[in-house]
Amino acid sequence: MAFGGQCGECTECGKCERLLNGQTNDDSIKKEEKKMEQDNSVRLYTFIIYSENVPGLLSQITAVYTRRQVNIESLNVCASSTPGAHKYTITAYCTRTMAEMLTKQIEKKIDVLQANVFTDDDIFINETCLLKISTPIMLENKDVCRMVRLHQAHIVEVNSIYATIEKTGITSDILSLYDSLKTLGCVLQFVRSGRICITKDYTEHLDEYLADREKKRNAK
Amino acid sequence: MEKITGAEAMMRALENEGVDILFGYPGGSIMPTYDALYDHKKTLNHILVRHEQGAVHAAQGYARVSGKVGCAIVTSGPGATNTITGIADAMIDSTPLVVIAGQVGVAMLGTDAFQEVDVVGVTSPISKWSYQIRRAEDIAWAVARAFYIAKSGRPGPVVLDFAKNAQTGMVEYEPAKADFIRSYDPDPDLNEEEIREAAKMINESVKPFVLVGQGVELGNAREELKAFLEKADMPCGTTFLGLSAIESDHRLNKGILGMHGNLGPNVMTNKCDLLIAVGMRFDDRVTGNLATYAKQAKIIHFDIDRSEFNKNVKVNLSVHGDCKKSLAAVTKLLDKATHTSWIDGFKPYEEKEYQKVIDKALHPTEGPLLMGEVIRKVSEATNNAGIMVTDVGQNQLFACRYFKFTKARSVVTSGGLGTMGFGIPAAIGATFGAPDRTVCLFVGDGGLQMTIQEFGTIMEQGAPVKMILLNNNYLGNVRQWQEMFFSHRYSFTPMLNPNYELIAKGYGIPAKTVVERSELDAAIKEMLATPGPYLLQCAIMEEDNVMPMVPPGANIDEMILEYKSK
């Protein structure tokens, strides 16, 4: 027996076929285990949703999360590059199973064009923050300016009372800047935008979908 | 072009959609539309109900038996909120409805005006589509879209919130047609890979079992289902809503699934090697404990609604699409097979259930009347060709178990929402949806009183509803649970009942009460022979239980057949 063990002798475990396909037994089992783990472990997912620009849809979409007891972490809604279509970028912590259920239930809404879910590996992410810091402390403590430069943030406005700092980046960079400035005791105000992102795919799924739908319309 | 009012445009738009019957109740904010309706009485038959909830349930009953879209029309505020239960019921049971509610004029919106309520906000989560018509110009488009959405794909209720200024505004009306919405694909293309894989799995299966849901009736796929079952010789069980998707006495129909279903289908769910679900949604009343549900089997799920896949039960293969097409496509690829020994495996369970439960329920020799015997006798008196309408509770569970079906679209029951009070108005609607058929309503003494005002509608319309009141002086199903799971503590379930016969007679409805078993046959005969409506009150044994039963949360194959009160 080349593979050893039960494989090749029974038809039940299904492992033989995988082995013949060049996968090792352990690899495929590990892969399955990893998938199971992903399905059931809670992590941050990014939902990208496109809809027609109709009033009232936002509350219908957020209601899907509420009903399944998932809390929205951030939400960004804006016109998309496709005329007439709005884009929602929503982040939430949940399991993969839940994330997939949510997208299907969102997509079921009549005026939703498409709903997809991504992990951070599948997308380029960006987020912006604004910090208002005390000018006297900034002048007194050189570390403040050093931190701003270190984090590649920009000072966009200064007066004698406060300075406004802008930083664009991924969530962890923004929080790191905030934490270090807060330690220096100079933060007066801090605001963050929701996340925006683009997928790493070469094509835009929405355009493909719309082209497909157009074909179906013409076939009628 | 001639200008007409928005209200008149609404009438023409409804006629354009083929509507010929409306169930409704007028009020302030819908008055212009009712005024226009006055001129359309010949084409739009308006049935005045006695409460707005009745309008929606009647539209549901009409839709369920006719396959057409049911239409209800009510006023704003309380009129609209009274329709909520029916809309939620239609949503969970996939019933095509269009509910038109009046609304205050746009200038008043958001000001807490008299009889103003945020109807779109309230109904969005429980409807397939909810839209506010703010201008007369939008009426033709919105109505066409509403009917298209309600009846296509997985059907459901649509709400049109009709602002008063849109009703009175002048418009050049042109009929609109909706058969395409780019964000909504009600008839998805079949995936050939899925079809091939499904056929392969079925061909390889030695113990296949099919779960039949209402999707088969909604998709008009009864013939396709039968061909599918017969070619591969596969036994099936049905959900409550799928009861008339296949004849009750079909060789391969093994009975009802779930909590109060039959023993065979429930046990065999956990013995089959392939479970094939068609147009059903694995409701918790059907599956019991999910952790032990059909774990030994591979599962295929046919559905038109993608969001149902892997929602409650993880499946090995989902087949997305209209089951009329997908079943036919898979059937083509099936090998002709016979599964005689597998099918024979149902017999011992059928015999056991007959002996321990069914025989006792249908053929008692002493004691008060039982629901089961009454229902079966009524069913047989219609040659099993009647329409069964039920309320909710023991009357519903017994009716679903013991009524028999030979014809399509014969089940009108509130499955998902379990709405007490559904029965009477739904039965009224059914008489209009299927005027040539016998409509039998089974209702308890609890549910009857929830919509008893619709006796007025029955009286006015002469609606030939054969009402069988199964009176046990209890809220029977809750009492049963109290007996079984709450230590016999009958917390507010005994009912002090009025004289129903007298009430019916007050509405001009012929009525009779049966206490003795020996009078039952003649009474049923008289009820069916009497033209128009009839109330047959049966004095039912007070503390009877619906058996068998899968206790809540228990494994589906662990049915209790007999329960002896402690």
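Here, the structure is the one placed above.
Being a predicted model, the structure only gives us computed values, none of them experimental. (Residues numbered from 1 in each chain as written. Chains lettered and ligands numbered in written order. Predicted model: local features only at pLDDT ≥ 70, side-chain atom pairs only at ≥ 80, totals over all residues. Heavy atoms only, no water.)

Digging into the environment of Asn40 of chain A
Residue and element names in this part refer to chain A. Worth spelling out the cut-off: Elements are defined by DSSP. Helices are runs of H or I of four residues or more, strands are runs of E of two residues or more, and each kind is numbered from the N terminus. Each residue's exposure class comes from its accessible area (1.4 Å probe, protein chains only) as a fraction of the maximum for that residue type: buried when under 20%, exposed when over 50%, partly exposed otherwise. It only takes one pair of heavy atoms within 4.5 Å for two residues to be counted as in contact.
Relative to the elements of secondary structure, Asn40 occurs in helix α2 (residues 25–40). Using a relative accessible area of 53% as the deciding quantity, one classes Asn40 as exposed. In this structure the C-alpha to C-alpha distance between Asn40 and Asn141, which are 101 residues apart in sequence, comes to 48 Å. Once you skip the residues sitting within four places of it in the chain, Asn40 turns out to touch Thr95 and Thr97.

Observations concerning the interface of chain B and chain A
Much of the literature gives interface size as the accessible area that the parts lose upon coming together. What counts, and what does not: Accessible surface is computed with a 1.4 Å probe, and the buried area is the amount of it that two parts give up when combined, taken over both parts together. Salt bridge, as applied in this entry: a Lys or Arg side-chain nitrogen positioned within 4 Å of an Asp or Glu carboxyl oxygen. Here a polar contact is taken to be a pair of N or O atoms separated by no more than 3.5 Å, where protein atoms must pair a possible hydrogen donor with a possible acceptor and residues adjacent in sequence count only if both atoms sit in side chains. Each residue gets one of three labels, nonpolar for Ala, Val, Leu, Ile, Met, Phe, Trp, Tyr, Cys and Pro, charged for Asp, Glu, Lys and Arg, and polar for the others, Gly among them.
Listed per partner, the contact involves 24 residues of chain B and 21 residues of chain A. Taking both sides of the interface into account, the surface hidden between chain B and chain A amounts to around 2100 Å²; carbon and sulfur atoms contribute 46%. Across the chain B-chain A interface, the total number found is seven salt bridges. Across the pair Asp189 of chain B and Lys216 of chain A runs a salt bridge whose closest N-O atoms are separated by 3.5 Å. The tally of links between chain B and chain A comes to 15 residue pairs in polar contact (both at pLDDT 80 or more). In terms of residue count, helix α7 (residues 139–151) of chain B provides more of the side of chain B that touches chain A than any other element does, three residues in total. Of the residues assigned to the side of chain B that touches chain A, the class counts are eight nonpolar, four polar and 12 charged.

Description of a nonpolar patch on the surface
Residues and elements named next belong to chain A. What counts here: Exposure above 30% relative accessible area and the lack of any salt bridge qualify a residue for a patch; like charges then connect within 9 Å, and the nonpolar side chains Val, Leu, Ile, Met, Phe, Trp and Tyr within 5 Å. Shrake-Rupley sampling with a 1.4 Å probe provides the accessible areas, and residues are treated as covered by the protein chains on show and by no other component.
A cluster of nonpolar side chains, contributed by Leu58, Leu75 and Val77, occupies part of the molecular surface with about 200 Å² of accessible area. You can see Leu75 is positioned in strand β2 (residues 72–79). For Leu75, a relative accessible area of 32% corresponds to the partly exposed category.

Describing the packing of aromatic side chains
Residues and elements named next belong to chain B. Under the convention used in this document: Pairing of aromatic rings covers Phe, Tyr and the six-membered ring of Trp, with a centre-to-centre limit of 6.5 Å; geometry is then stacked below 30 degrees between planes, edge-to-face above 60, and tilted otherwise.
Summed over the entire model, instances satisfying the criterion amount to 18 aromatic pairs over all chains. Considering the side-chain rings of Trp129 and Tyr131, the 5.1 Å spacing of their centres and the 15° angle between planes classify their relative orientation as stacked. The exposure class of Trp129 is buried, given its relative accessible area of 6%. Overall, Tyr131 belongs to the partly exposed group, its relative accessible area being 22%. Arranged with centres 5.8 Å apart and planes meeting at 65°, the rings of Phe403 and Phe442 form a pair that is edge-to-face. Linking Phe403 in the loop between α18 (394–402) and β16 (411–412) with Phe442 in strand β17 (residues 439–444), this pair joins segments that are 39 residues apart in sequence. A residue is classified by how much of its surface remains accessible, and Phe403, at 1% relative accessible area, is buried.

Let's talk about the sheet that holds strand β4 (residues 112–118) of chain A
Two pairing modes exist for strands in a sheet, parallel and antiparallel, and in both the strands are linked by backbone hydrogen bonds. All names here are of chain A. Stated formally: When DSSP finds two or more bridges between two strands, those strands count as paired. Here the axes come from fitting lines to C-alpha atoms, over the contacting stretch only for helices, and the angles between their N-to-C directions go from 0 to 180 degrees.
Here four strands make up an open sheet; going across it, the order is β2-β3-β1-β4 and the pairing antiparallel. The open sheet terminates on both sides in strands that have one partner only, identified here as β2 and β4. Going across the sheet, the axis of each strand differs from the next one's by a mean of 15°, ignoring polarity. Packed on one face of the sheet, helix α3 (residues 57–67) meets β1 (43–52), β2, β3 (85–94) and β4 and runs near 20° to β3. Sheet strands touched by helix α4 (residues 96–107): β1, β3 and β4. Its angle to β4, the strand with the most contacts, is close to 170°.

None of the figures reported here should be taken as evidence of function without further support.
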